[in-house]
Amino acid sequence: KPRLYSGMQPSSGSLHLGNYIGALQQWRRMQSDNEAFFSIVDLHAITVPQAPGVLREQVRTLAAQYIAGGIDPSASCLYVQSHVAAHAQLQWLLSTITGFGEASRMTQFKDKTAKGGQEAASVGLFTYPILMAADILLYDTEVVPVGDDQKQHVELTRDLAERFNKRFGKTFVVPKPVILAGGARIYDLQSPEAKMSKSADNDKGVVWLLDEPARTAKKFRSAVTDTEGSIRADRAEKPGVTNLLDILSAMTDRPVAELETEFAGQGYGVFKTAVADAVVAELAPVRERTLELLDDPAELDRLLAANAERAAEVADATLRRTMEAMGLR
Ligand code: TYM
């Protein structure tokens, strides 16, 4: 089976609908055809300030959401990045073959520092994509399912792997990003020209997996649309309606064109209610199961510790090979 690797940051208590559709839902569908590693990237989360006690809780909450969302921890390796020392070690090695200019071209760093300025950002936030490359390359990964915002980082990973192989001899597998067509980018319900994000200014635009169902439904009822009154996909002219169509398509596994036909001539109120119902039907059981799993944190910790050992076996072998290729050890 091909190796698959992906991860998410434990930088908030709950995943949002973009993470769910862009990542978790795809992971669930792909896990049986691949040998999958799913990490909770706490080392990435600390590139911006985190309160230690809160971070620890968020790691458990994210593990519970992975499992509740359908990741089978006995088939796939679900672990915490900082539990495997090789990630930080390989990151250093890779940083020595990454160009400063190359790293400076990462658009996510530019976006994340647009508000506060680059002077105020940590060096870790700047080198973040190199750590992500280390995550992927340690596991001889072939496929990396991510949302469209991570594509540039996977491209960097490919460049680094190819460069390293050329310079030091074949060491790394060159991975490919896998990006879902419809759900690659889910937008904010209140500002549908911006992607749904953990750090949105207005919470009404963000659908949290662990929100109460009534709250989720309300967010959909007040979603921003337009005044045209027709339900059709048009990203430029009708970003709100298009986003709702993408969401409904992901929830029901039906193509957007089919939904356009079904809702032709109907009002936005009816449409929004249908989207709300579909999202609640999908997320409510995931929320319930997450809360149940969190009732037994010791069991989650035990599972994460066991899986970290499995991950470390693979990662340590790759790290050793890499160091030897570079003339270290
Ligand atoms: P993170 O934690 O920001 O996001 C996790 C996943 O959710 C996807 N995503 C979205 N998809 C669709 N619409 C949206 N609005 C949306 N927002 C987020 C992201 O594309 C991602 O797939 N650097 C990564 C984590 C990471 C990683 C890795 C991923 C670290 N190492 C190795 C893959 C492989 C990140 O910060 O994702």
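Note that the structure is predicted; figures quoted are calculated from it, not measured. (Residues numbered from 1 in each chain as written. Predicted model: local features only at pLDDT ≥ 70, side-chain atom pairs only at ≥ 80, totals over all residues. Heavy atoms only, no water.)

Moving on, we come to the overall build of the protein chain. Helices and strands together make up the secondary structure of the protein chain, namely 13 helices and five strands. In terms of overall dimensions, the protein chain is globule-like: its C-alpha atoms have a radius of gyration of 20 Å, near the 20 Å expected for 329 residues. Overall, the C-alpha framework of the protein chain stretches about 70 × 45 × 40 Å when taken along its three principal axes. The 329 residues of the protein chain split such that 51% are buried. For the protein chain, the share of sequence-separated contacts (at least 6 apart) that also reach a separation of at least 24 residues comes to 75%. Per element, the accessible surface of the protein chain, about 14,700 Å² overall, is 53% carbon and sulfur. (Helix = DSSP H or I, 4+ residues; strand = E, 2+ residues; numbered from the N terminus. Rg over C-alpha atoms; globule rule 2.2 N^0.38 Å. Buried < 20%, exposed > 50% of the residue type's maximum accessible area, 1.4 Å probe, protein only. Contact = heavy atoms within 4.5 Å. Areas by Shrake-Rupley, 256 points an atom, 1.4 Å probe, with all protein chains shown as cover.)

Right, let's get into the packing of helix α4 (residues 86–95) against helix α13 (residues 297–326). Two elements in contact, α4 and α13, have axes separated by 10 Å at closest approach and are oriented at 25°. Judged by the inter-axis angle, α4 sits roughly parallel to α13. Crossing hand, α4 versus α13: left-handed. Of the residues in α13, those touching α4 at A86, Q89, L90 and L93 are A315, D316, L319, T322, M323 and M326. For the contact of α4 with α13, the class distribution of residues is seven nonpolar, two polar and one charged. (Axes fitted to C-alpha atoms, helices over the stretch in contact; angles between N-to-C directions. Parallel < 35°, antiparallel > 145°, perpendicular 65-115°, else oblique. Left-handed = near helix turned anticlockwise from the far one by under 90°. Nonpolar A, V, L, I, M, F, W, Y, C, P; charged D, E, K, R; others polar.)

Moving on: the UniProt feature "binding site: L-tryptophan" (unreviewed entry) in the protein chain. According to UniProt, the feature "binding site: L-tryptophan" (unreviewed entry) maps to D135 in the numbering used here. Position of D135 among the secondary structure elements: in helix α7 (residues 123–138). With a relative accessible area of 3%, D135 lands in the buried category. Not counting chain neighbours up to four residues away, the residues in contact with D135 comprise Y5, V41, H44, Q81 and H87. (UniProt positions renumbered as here; feature names shortened; annotations may be inferred.)

Take the site of the ligand next. Around the ligand sit 28 residues, and of these Q9, Y128, D135, D149 and I186 come closest. A distance of 2.6 Å separates a nitrogen atom of the ligand from a polar side-chain atom of D135. Contact with the protein chains covers 96% of the free accessible surface of the ligand, which is 710 Å². Split by residue class, the shell around the ligand holds 12 nonpolar, 11 polar and five charged. (Near = heavy atom within 4 Å. Polar contact = N/O pair within 3.5 Å; in protein donor to acceptor, adjacent residues only side chain to side chain.)

Remember that side chains alternate between the two faces of the sheet whenever the strand is regular. Taking every second residue as pointing to the same face, both faces of strand β3 (residues 77–80) are buried, with C77 and Y79 on one and L78 and V80 on the other. Summarising the sheet, strand β2 (residues 35–40) and β3 pair through four bridges and their orientation is parallel. Paired with F38 across the strands is L78, a residue of β3. (Pairing = 2+ DSSP bridges.)

An α-helical turn contains 3.6 residues, so any two residues separated by three or four positions project in the same direction. If you check helix α10 (residues 239–252), its first and last C-alpha atoms are 20 Å apart, about what 14 residues at 1.5 Å a residue would give, namely 20 Å. Most of α10 sits inside the fold, with 12 of its 14 residues counted as buried. All of the buried residues in α10 are G240, V241, T242, N243, L244, L245, D246, I247, L248, S249, A250 and M251. Elements in contact with the buried residues of α10: α1 (17–30), α9 (213–221), α11 (256–263) and α12 (268–294). The first or second residue beyond α10 is D253, which carries a positive phi of 60°. (Expected span 1.5 Å × (residues − 1).)

As a further point, take the pattern of salt bridges. Counted according to the given criterion, the structure contains 24 salt bridges. Note that E228 is salt-bridged to R232, the shortest N-O span being 2.9 Å. On the basis of relative accessible area, E228 is assigned to the partly exposed category, the value being 45%. Its relative accessible area of 32% is what places R232 among the partly exposed residues. One continuous salt-bridge network, built from bridges that share partners, spans D226, E228, R232, D234 and K238. (Salt bridge = Lys/Arg side-chain N within 4 Å of Asp/Glu carboxyl O.)

Moving on: unusual backbone geometry. Look at D140: it is not a glycine, yet its phi comes out positive at around 50°. Examined against the element boundaries, D140 turns out to sit in the loop between α7 and β4 (143–145). For D140, a relative accessible area of 22% gives the class partly exposed. At D253, a position not held by glycine, the phi torsion is positive, near 60°. Position of D253 among the secondary structure elements: in the loop between α10 and α11. D253 sits in the exposed class, given a relative accessible area of 61%.

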